[in-house]
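Here are the chains, one letter per residue:
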Amino acid sequence: MNSVAALDPKIALHALSQTASAIVFLDEEKRVVFHNEAAAKILGFQGVSTVGATVDSIFPTSSLVEFNNYLDKYRGPLTDLSPTEFSRDFEVTRHDGSTFWANATFSRIVYDSHVYFTILVRDVTKRQKIESDLASKNEQINKLTAQIEKFLYSTSHDLRSPLTSILGLVNLMRMESLDDSFEEYTAKIEASAMKLDGIIKNIMSFSKATYQRRKSQKIDLELLAHRVLNAHHSDANYKKIFFEVVANSQYPFYSDPERMEIILNNIISNAIHFYDPNKVRSFVRININVSAVDVLIEIIDNGLGIGHQHHNQIFSMFYKATLNSSGAGLGLYIVKESLEQLKGSVKMESELGFGSVFRVRVPNDHKGQLISRKLKLQHN
């Protein structure tokens, strides 16, 4: 038969006396019944006779406003005898004028129809300083992030304006000259301007993907895919490729429309740019499968493909898998950044000479999932 030995009160008091945290016991009239040595040290009342004195002899009144309110609330007639607790961080001013940050927990104990209170105090000055420093650093980071976002947005738009003017002048020069060498020069100017324009667009996409506040709207992904494809209608390789969009959208899909467009655009752009001219029939196929929980988008092409040695780095910033790349190596990095914001993922399979498959999975936002569940119930 098992027996449980009762704890000697003297042992309990000895244990309380030895703890590093300040412990103070009060009666219903807020008079000190007991305190340990750590309380005298932490609260700064060594040498002061406190037993039988009010709690104000331990804590200056300036530090006790909320605690006194707590004590007054729970020392009156009791209808609920369950323990009640109140805890918070606050700045304590000692009797000698020095201050420190404390975490104090007040508990109410009912014993033999009498009310007692315990105060447990821990010095958390170091923690408060760390938290204050961290908050200050976070504020600086947020300010710097806002400045970077503004700089990228403003600079990108400012750079595109003169580029548009250059391309317009190139077209005018073409119309006014029939010289073959002149055409060659204007073509080179146009190609360089278009390359720079592509880089600027990538920077704008990066700014949106990284810094722009996330939105949640209903998205027609099939329509979005066709819109992205139509935006590449003027690309040199566009007419050489067969495009197909196959969508299975039984449920509504909610997410950030701009980031979803950035993701599709960057992957499709690569598929168009790196098409294989040696293929009898080049194609880009986009499969869209929306479920109640998420969407799976597969972008499949039979283009040049990506060598295995590049697979681990293809989503890195400024990485180019081939010298034939005309961009800045930001496209797939922006895809990864956008998906991180949407809590999505991307997987790639590619074989040099056979083409690539990108599988993008994005969760359906909360609203989309709720509507989908409702549709399921109606259908059942």
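In short, a report on the structure. Being a predicted model, the structure only gives us computed values, none of them experimental.

## So, the nonpolar core
Piece 1. Core analysis: the biggest nonpolar cluster contains 40 residues, and Leu221, Met260, Ile286, Ile288 and Ile297 have the highest contact counts within it.
Piece 2. Elements with a minimum of two residues in this core: helix 6 (221-231), strand 7 (241-249), helix 7 (257-273), strand 9 (282-290), strand 10 (294-301), helix 8 (331-341), strand 11 (345-351) and strand 12 (355-363).
Piece 3. Per element, the largest residue contribution to this core is 7 residues, and it comes from helix 7.
Piece 4. Excluding its chain neighbours within four sequence positions, the residues that come into contact with Ile297 are Met260, Leu264, Ile286, Asn287, Ile288, Phe358, Arg359 and Val360.

## Re a nonpolar patch on the surface
Piece 1. A cluster of nonpolar side chains, namely Leu169, Leu172, Met173 and Met175, defines an oily patch on the protein surface of about 400 Å² accessible area.
Piece 2. As for its position among the elements, Met175 is in helix 4 (residues 125-176).
Piece 3. Looking at Met175, the relative accessible area reads 62%, which means it is exposed.

## Thoughts on the pattern of salt bridges
Piece 1. Inspection of the entire model under this criterion finds 13 salt bridges.
Piece 2. Ionic pairing is found between Arg285 and Glu244, a salt bridge with its closest N-O pair at 3.0 Å. Of this pair, Arg285 sits in strand 9 while Glu244 is found in strand 7, placing the two residues 41 residues apart along the sequence.
Piece 3. Three or more residues joined by partner-sharing salt bridges are found here, namely Asp89, Arg127 and Glu131.

## Some details on the sheet that holds strand 12
Piece 1. In space, the 5 strands of this open sheet follow the order 7-9-10-12-11, with mixed pairing throughout. Edge positions in the sheet fall to strand 7 and strand 11, since each has one partner strand and no second. Adjacent strand axes in the sheet meet at a mean angle of 10 degrees when their direction is disregarded.
Piece 2. Pairing of strand 7 with strand 9 involves 9 bridges; the strand directions are parallel. Residue pairing across strands places Ala247 opposite Ile288, the latter belonging to strand 9.
Piece 3. On top of the sheet, helix 7 reaches strand 7, strand 9, strand 10 and strand 12; it is set at about 15 degrees to strand 10, its chief contact.

## Re the pairing of strand 10
Piece 1. With 6 of 8 residues buried, strand 10 is to be regarded as a mostly interior element.
Piece 2. Two strands pair when backbone bridges link them, and strand 9 and strand 10 are joined in this way by 7 bridges, in the antiparallel orientation. Bridging across to strand 10, Val290 finds its partner in Val295.
Piece 3. As consecutive antiparallel partners, strand 9 and strand 10 are separated by 3 residues.

## What to know about helix 6
Two residues of an α-helix separated by three or four positions point the same way, owing to the 3.6 residues in each turn.
Piece 1. Every buried residue belonging to helix 6 is among Leu221, Leu224, Ala225, Val228 and Leu229, and all of these are buried. Each buried residue of helix 6 lies within a common arc of 135 degrees when the element is viewed along its axis, so the set occupies one face. Counted as exposed and oriented over 90 degrees from the buried face of helix 6: Leu223 and Asn230.
Piece 2. Near the N-terminus of helix 6, the side chain that reaches the backbone nitrogen of Glu222, with its oxygen 3.3 Å away, is that of Asp220.

## Topic: unusual backbone geometry
Piece 1. Residue Lys30 is not a glycine yet carries a positive backbone phi of 65 degrees.
Piece 2. Assignment of secondary structure puts Lys30 in the loop between strand 1 (22-26) and strand 2 (32-35).
Piece 3. The backbone phi angle of Lys343 is positive, close to 60 degrees, even though this residue is not glycine.
Piece 4. For Lys343, the position within the fold is in the loop between helix 8 and strand 11.

## Here's the deal with the packing of aromatic side chains
Piece 1. Scanning the entire structure with this criterion turns up 3 aromatic pairs.
Piece 2. Between Phe315 and Phe358, the aromatic rings sit 6.4 Å apart at their centres with planes inclined by 85 degrees, giving edge-to-face as the arrangement. Highlighted residues: Phe315 in the loop between strand 10 and helix 8 and Phe358 in strand 12, separated in sequence by 43 residues.
Piece 3. Residue classification places Phe358 among the buried positions, given a relative accessible area of 5%.
Piece 4. Of note, Arg281 hangs over the ring of Phe242, and the distance from its end group to the ring centre comes to 4.2 Å.

Cut-offs used in this document
- Residues numbered from 1 in each chain as written.
- Predicted model: local features only at pLDDT ≥ 70, side-chain atom pairs only at ≥ 80, totals over all residues.
- Heavy atoms only, no water.
- Core = buried A, V, L, I, M, F, W, Y, C linked by side-chain atoms within 4.5 Å.
- Buried < 20%, exposed > 50% of the residue type's maximum accessible area, 1.4 Å probe, protein only.
- Helix = DSSP H or I, 4+ residues; strand = E, 2+ residues; numbered from the N terminus.
- Contact = heavy atoms within 4.5 Å.
- Patch = residues over 30% accessible without salt bridge, like charges linked within 9 Å, V, L, I, M, F, W, Y side chains within 5 Å.
- Areas by Shrake-Rupley, 256 points an atom, 1.4 Å probe, with all protein chains shown as cover.
- Salt bridge = Lys/Arg side-chain N within 4 Å of Asp/Glu carboxyl O.
- Pairing = 2+ DSSP bridges.
- Axes fitted to C-alpha atoms, helices over the stretch in contact; angles between N-to-C directions.
- Arc of directions from axis to C-beta.
- Polar contact = N/O pair within 3.5 Å; in protein donor to acceptor, adjacent residues only side chain to side chain.
- Phe/Tyr/Trp six-rings, centres within 6.5 Å; stacked < 30°, edge-to-face > 60°.
- Lys NZ or Arg CZ within 6 Å of the ring centre and 35° of its normal.

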